[in-house]
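Each chain, letter by letter, is given below.
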Amino acid sequence: MPTGVRSINEVAHFDERCDVLVVGLGAAGAAAAIEARATGADVLVLERASAGGGTSAMSGGVLYLGGGTALQRACGFEDTAEDMFRYLQASCGVAPDEAKLRRYCEGSVEHFEWLVAQGVPFRETFYHGTSGEPPTDDGLVWSGSERCQPYCDIAQPAPRGHVGQMTFQAGPLLMKHLCAATPGSGARVAADHRVSALVLDADGAVVGAVARHAGRERFVRARRGVVLSTGGFVLNDAMMRTHLPLGLRCKMRVASDGDDGSGIKLGIAAGAATKNLDKASISLPVTEPWGLKRGVLVNAQGQRFIHEDAYMGFLGERALFQNDGRAWLIVDDEIFEEPLYCKTVAATGESFEELAAELGLPPGSLAATLQVYNRHAACGRDPVFHKSADYLKPLVTPPFGAIDCTVEEALYAVFTLGGLATDVEGRVLDPEGVAIPGLFAAGRATSGLSVGGYSSGLSLGDGTFFGRAAGRSAGR
Ligand SMILES: Cc1cc2nc3c(=O)[nH]c(=O)nc-3n(C[C@H](O)[C@H](O)[C@H](O)COP(=O)(O)OP(=O)(O)OC[C@H]3O[C@@H](n4cnc5c(N)ncnc54)[C@H](O)[C@@H]3O)c2cc1C
């Protein structure tokens, strides 16, 4: 048998038995365990760290939800599942999984209620002015590119970032409640158990797992199924080199220790297919505060490549994947303000030619770009990339500056979006699209909703939503 799987014939004795075994206690694992318990199953969760939480507990805690949740309504916003679907379908990369998107959007209102029922508090107030986690304890924020072209023409925009009531970073609060609700549901949790192999029966069905604990192997029999919810692989250099080499150039890998791809490799060893391993969320938070959206982002050719009011996940992806991480945000004296994250100024000058010379851009290119931009911005238009009129202002007041957005200097934050292939019920699929008996998965161990064009909150959102589905499927 390959590494990562054992035959049941090799197992002399099981140390532990359960109906459903959940591997990894982050947001996806907690959701899976709670819902598996709700089916009446005896549930055991094995977590390799000394406590649950994972990357979810380090996160901003934004959950991308909509379709008219109670929180959206309380804050005075109308939304429909159809608008949410249309936005996500258009924005979530090339060929996102439509069945998953549809299920997610239709179940989003109920999913919010479920989170509230687990004890997660949401303040019924809207915060305007950041993309993603707010610096306050407000409950609702914009967390994507809904108001940008072309999305605002495709779907009615609505803020869909739902954040637990916690100033700045709500991930710890979310996980405090989900980690408490897990044993609260009756599931058993064993920390310091690192799962190293799946146990297969003669037909290839997954019937248990092997975990390392206190220096020895423990064998667990799972009568109904195993759920892999072990996080992504951004800390696995070998996998990154193979699938996502550009991601290795990012300054920040958004991760906890568990994001080493162990669950993905376990699934592969059991016969699973993978999807979208080359896809990642790449955030470039250069337009915080939002006034900097009035700047002009150019590449090494001195040309624009995106509407600068797009969400930071779009900016980073486009700058890194399509422009080799060579980008600068051009500002003038009037719009310049201290950037929150990307603080290095690469060049200053009294003219665009001076800036271009300092940056090493082709002579004339930057001046030509700004000449076209300024001419149209003066009339409140951007016929090239359709930036919103709210952020259009001719850059005419020297001195001019170039905020450094190169991947070597600026904050590019990466985490992986691809993983095991699963269906809407959280069943892990083989390369033919057939469900592997006894194997389920959710969260960043899987390929989820976003396969590019990331909006904040989609990872915790799909992890908890399809984690619940995986738990229910395994429990049944
Ligand atoms: C600073 C920061 C901010 C972020 N903000 C947001 C945000 O606002 N919204 C959003 O949607 N996303 C955000 N993210 C991304 C998001 O946190 C993760 O993508 C998400 O939490 C992944 O959830 P998960 O349940 O799949 O994995 P995790 O939460 O990482 O859980 C996986 C668990 O499995 C355990 N594990 C791993 N391997 C094994 C094994 N072999 N055996 C046993 N246990 C194992 C790990 O220890 C871990 O506890 C942010 C991330 C960071 C770091």
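Give me helix α12 (residues 458-475): which residues, what numbers.
The terminal C-alpha atoms of α12 lie 25 Å apart, and with 18 residues this matches the ideal 26 Å at 1.5 Å per residue to within 8%. Counting buried residues in α12 gives 17 out of 18 residues, a clear majority hidden from the surface.

Explain the pairing of strand β14 (residues 280-283) residue by residue, including any values.
Taking every second residue as pointing to the same face, both faces of β14 are buried, with Ala-280 and Ile-282 on one and Ser-281 and Ser-283 on the other. Pairing of β14 with strand β19 (residues 413-416), which is carried by 4 bridges, proceeds in the antiparallel orientation. When the bridges of β19 are listed, Ser-281 appears paired with Phe-415.

Please provide a residue-by-residue account of the site of the ligand, values included.
Around the ligand lies a shell of 37 residues, among which Glu-47, Ser-56, Val-62, Ser-459 and Leu-460 are the nearest. Backbone polar atom of Arg-48 to a nitrogen atom of the ligand: 3.1 Å apart, as the coordinates give it. Backbone polar atom of Thr-55 to an oxygen atom of the ligand: 2.9 Å apart, as the coordinates give it. For the shell around the ligand, the secondary-structure elements that each account for two or more residues are α1 (27-38), β9 (194-200) and α12.

Give me the side chain of Asn-374: which residues, what numbers.
Summarising the element assignment, Asn-374 is placed in helix α11 (residues 365-377). Residue Asn-374 is classed as buried on the basis of its relative accessible area, which comes to 12%. Those residues in contact with Asn-374 that sit more than four places away from it in its chain are Phe-352, Pro-394, Leu-395 and Val-396.

Please set out the packing of aromatic side chains residue by residue, giving values where relevant.
Note on aromatic pairs: each is described by the distance of the centres and the angle between the planes. Throughout the structure, instances matching the rule amount to 10 aromatic pairs. An angle of 25° between the planes, with centres 6.4 Å apart, marks the rings of Tyr-104 and Phe-466 as stacked. Here the residue Tyr-104 occupies a position in helix α4 (residues 98-117), and Phe-466 occupies one in helix α12, the gap between them amounting to 362 residues. For the pair Tyr-104 and Phe-466, one class covers both residues: buried. Ring centres of Tyr-151 and Phe-314 lie 5.7 Å apart, and the angle between their planes is 75°; on these two criteria the pair is classed as edge-to-face. Placement of the pair is Tyr-151 in helix α5 (residues 151-154) and Phe-314 in helix α9 (residues 312-323), with a sequence separation of 163 residues. For the pair Tyr-151 and Phe-314, one class covers both residues: buried.

Could you give me a rundown of the nonpolar core, with the residues and numbers involved?
Core analysis: the biggest nonpolar cluster contains 134 residues, and Leu-21, Leu-88, Leu-198 and Ile-330 have the highest contact counts within it. Ranked by the residues each element gives to this core, the list is headed by α1, at 8 residues. Not counting residues within four places of it along the chain, the set of residues in contact with Leu-88 comprises Tyr-64, Pro-96, Leu-101, Tyr-104, Cys-105 and Leu-458. Membership of the second largest hydrophobic core comes to 7 residues, among which are Val-11, Phe-14, Val-199 and Phe-219.

Which residues make up the packing of α1 against α12, and what values go with them?
Two numbers describe how α1 lies on α12: the axes approach to 7 Å, and their chain directions differ by 30°. Comparing the axis directions of α1 and α12 gives the class roughly parallel. At the point where α1 passes α12, the crossing takes the right-handed sense. Contacts between α1 and α12 involve Ala-27, Ala-28, Ala-31, Ala-32, Glu-35 and Ala-36 from the former and Leu-460, Gly-463, Thr-464, Gly-467, Arg-468, Gly-471 and Arg-472 from the latter. For the contact of α1 with α12, a count of residues per class yields 6 nonpolar, 4 polar and 3 charged.

So what's going on with the side chain of Asp-83? Residues and values would help.
Residue placement: Asp-83 occurs in helix α3 (residues 81-91). When neighbours within four sequence positions are excluded, Asp-83 is seen to be in contact with Ala-155, Gln-156 and Arg-160.

Give a description of the domain arrangement of the chain that names residues and reports values.
When its domains are assigned, the chain resolves into domain 1 (1-281 + 415-476) and domain 2 (285-404). On a C-alpha basis, the centroid separation for the pair domain 1 and domain 2 is 36 Å. The partner domain 2 presents 15 residues to the 26 residues of domain 1 that form the contact. Between domain 1 and domain 2 the total buried area reaches about 1,600 Å² when both faces are included, carbon and sulfur atoms providing 58% of it. Taken as a group, Ser-131, Gln-149 and Leu-246 account for 30% of the area that domain 1 buries against domain 2, more than any other trio of residues on that side. Taken together, the links from domain 1 to domain 2 amount to 1 salt bridge. A salt bridge links Asp-324 to Arg-249; the nearest nitrogen and oxygen atoms lie 2.8 Å apart.

Describe the sheet that holds β19, with residues and values.
Through backbone hydrogen bonds, the strands of a sheet pair up, either in parallel or in antiparallel fashion. As summarised here, the arrangement of the 3 strands in space is β12-β19-β14, forming an open sheet in which the pairing is mixed. At either margin of the open sheet sits one strand with a lone partner, and together these are β12 (252-253) and β14.

Can you explain the pattern of salt bridges? Please cite residues and give values.
Applying the stated criterion across every chain, the model contains 33 salt bridges. With a closest N to O distance of 3.9 Å, Arg-223 and Asp-42 form a salt bridge. Taken together, the residues Arg-223 in strand β11 (residues 216-228) and Asp-42 in the loop between α1 and β3 (43-46) connect sequence positions 181 residues apart. Note that Lys-393 is salt-bridged to Asp-332, the shortest N-O span being 3.2 Å. Placement of the pair is Lys-393 in the loop between α11 and β18 (400-404) and Asp-332 in the loop between β16 (327-331) and β17 (345-349), with a sequence separation of 61 residues. When sorted by exposure, Lys-393 lands in the same class as Asp-332, which is buried. Several salt bridges converge on common partners, so that one network encompasses Glu-16, Asp-19, Asp-42, Arg-188, Arg-218, Arg-223 and Arg-224.

Go over unusual backbone geometry with me, naming the residues and quoting the values.
Among all residues save glycine, negative phi is the norm, and among peptide bonds the norm is trans. Note the cis peptide between Gln-149 and Pro-150, where omega equals 0°. For the bond from Pro-398 to Pro-399, the omega torsion is 0°, close enough to zero to count as cis. Here Pro-399 shows up in the loop between α11 and β18. Even without a glycine there, the phi angle at Asp-192 is positive, about 55°. With respect to the element layout, Asp-192 can be found in the loop between β8 (188-190) and β9. A residue is classified by how much of its surface remains accessible, and Asp-192, at 39% relative accessible area, is partly exposed.

The rules behind the values
Residues numbered from 1 in each chain as written. Predicted model: local features only at pLDDT ≥ 70, side-chain atom pairs only at ≥ 80, totals over all residues. Heavy atoms only, no water. Helix = DSSP H or I, 4+ residues; strand = E, 2+ residues; numbered from the N terminus. Expected span 1.5 Å × (residues − 1). Buried < 20%, exposed > 50% of the residue type's maximum accessible area, 1.4 Å probe, protein only. Pairing = 2+ DSSP bridges. Near = heavy atom within 4 Å. Polar contact = N/O pair within 3.5 Å; in protein donor to acceptor, adjacent residues only side chain to side chain. Contact = heavy atoms within 4.5 Å. Phe/Tyr/Trp six-rings, centres within 6.5 Å; stacked < 30°, edge-to-face > 60°. Core = buried A, V, L, I, M, F, W, Y, C linked by side-chain atoms within 4.5 Å. Axes fitted to C-alpha atoms, helices over the stretch in contact; angles between N-to-C directions. Parallel < 35°, antiparallel > 145°, perpendicular 65-115°, else oblique. Left-handed = near helix turned anticlockwise from the far one by under 90°. Nonpolar A, V, L, I, M, F, W, Y, C, P; charged D, E, K, R; others polar. Domains from an automatic or database assignment. Buried area = accessible area lost by both parts, 1.4 Å probe. Salt bridge = Lys/Arg side-chain N within 4 Å of Asp/Glu carboxyl O.

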